[in-house]
Each structure stands twice: as structure tokens, then as C-alpha cells.
Amino acid sequence: MCSHQPPCPTVDSPDHHTAVIVSAHPEQGWSLLCNGTVVFDDTGELLPDGRVVSPHRTSGAPAAAA
């Protein structure tokens, strides 16, 4: 799918989410990457084979003092 040089990481690479965005839909909260991955604003992902990567962002809340 990728015609970039150097090519984007494949969907099986640990850094697959760094592929080039080919279609962005910020109003809907998702973007399509060159390797076929759909990434969502909540950090979840839908891989081309149908696998789902759950959101993995942190809450951003400060740690409680001990």
C-alpha cells in the first residue's frame, strides 16, 4: 500500500502507528494511515485485519501525594 521512500512501517511493526496519514478526519476523531491502520483520537487503533488495539493513553491526572 505504501509508495513512500523509505516505506512506512508495516502493520506488524511495533511502530506501525508512525506511518504517514493518507486521510484525516479530525471532525470524526480518526485518521487512516498509509499501512491501512485507522487511528482514533483516544489512541485506539483498528488494524487492517480487523484486530483492535485498545486506547493506551494515560489519564493525565497528577499522582496522589503519599
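Residues numbered from 1 in each chain as written. Predicted model: local features only at pLDDT ≥ 70, side-chain atom pairs only at ≥ 80, totals over all residues. Heavy atoms only, no water.

Here we take up the overall build of the protein. Broken down by element type, the protein carries zero helices and five strands. Reading the helices (α) and strands (β) of the protein from amino to carboxyl end gives β-β-β-β-β. Sequence-distant contacts, at least 24 apart, represent 18% of the contacts inside the protein between residues at least 6 apart. When the accessible surface of the protein is summed, it comes to about 4,700 Å², and 59% of that surface belongs to carbon and sulfur atoms. (Helix = DSSP H or I, 4+ residues; strand = E, 2+ residues; numbered from the N terminus. Contact = heavy atoms within 4.5 Å. Areas by Shrake-Rupley, 256 points an atom, 1.4 Å probe, with all protein chains shown as cover.)

Our next topic: the pattern of salt bridges. Taken as a whole and judged by the stated rule, the model has two salt bridges. With a shortest N-O distance of 3.5 Å, R51 and D12 are connected by a salt bridge. Remark: D12 occurs in the segment before β1 (21–25) and R51 occurs in the loop between β4 (45–46) and β5 (52–53); sequence separation between them is 39 residues. For R51, a relative accessible area of 42% gives the class partly exposed. Judged by relative accessible area, D12 falls into the exposed class, the value being 63%. Where R51 meets D49, a salt bridge forms, and the shortest distance between an N and an O atom there is 2.7 Å. Taken together, the salt bridges that share partners define one network made up of D12, D49 and R51. (Salt bridge = Lys/Arg side-chain N within 4 Å of Asp/Glu carboxyl O. Buried < 20%, exposed > 50% of the residue type's maximum accessible area, 1.4 Å probe, protein only.)

Time to look at the confidence of the model for the protein. Summarising the model, the protein shows a mean pLDDT of 86, and 83% of its residues fall at 70 or more. Mean pLDDT values over the elements of the protein span from 92, in β5, up to 96, in strand β2 (residues 30–33). (pLDDT = per-residue confidence, 0-100.)

With that settled, consider the pairing of β1. If a strand is regular, its side chains alternate between the two faces of the sheet. Across four bridges, the pairing between β1 and β2 is antiparallel. Bridge pairing in β2 places I21 opposite L33. Counting the residues between successive antiparallel strands, the hairpin from β1 to β2 contains four residues, one of them, G29, with a positive phi of roughly 85°. (Pairing = 2+ DSSP bridges.)

It is worth spelling out the side chain of N35 at this point. Within the secondary structure, N35 is located in the loop between β2 and β3 (38–40). Judged by relative accessible area, which is 13%, N35 ranks as buried. Reaching out from N35, the side chain makes a polar contact with the backbone oxygen of P9 at a distance of 3.0 Å. At a separation of 3.0 Å, a polar atom in the side chain of N35 contacts the side chain of T37. (Polar contact = N/O pair within 3.5 Å; in protein donor to acceptor, adjacent residues only side chain to side chain.)

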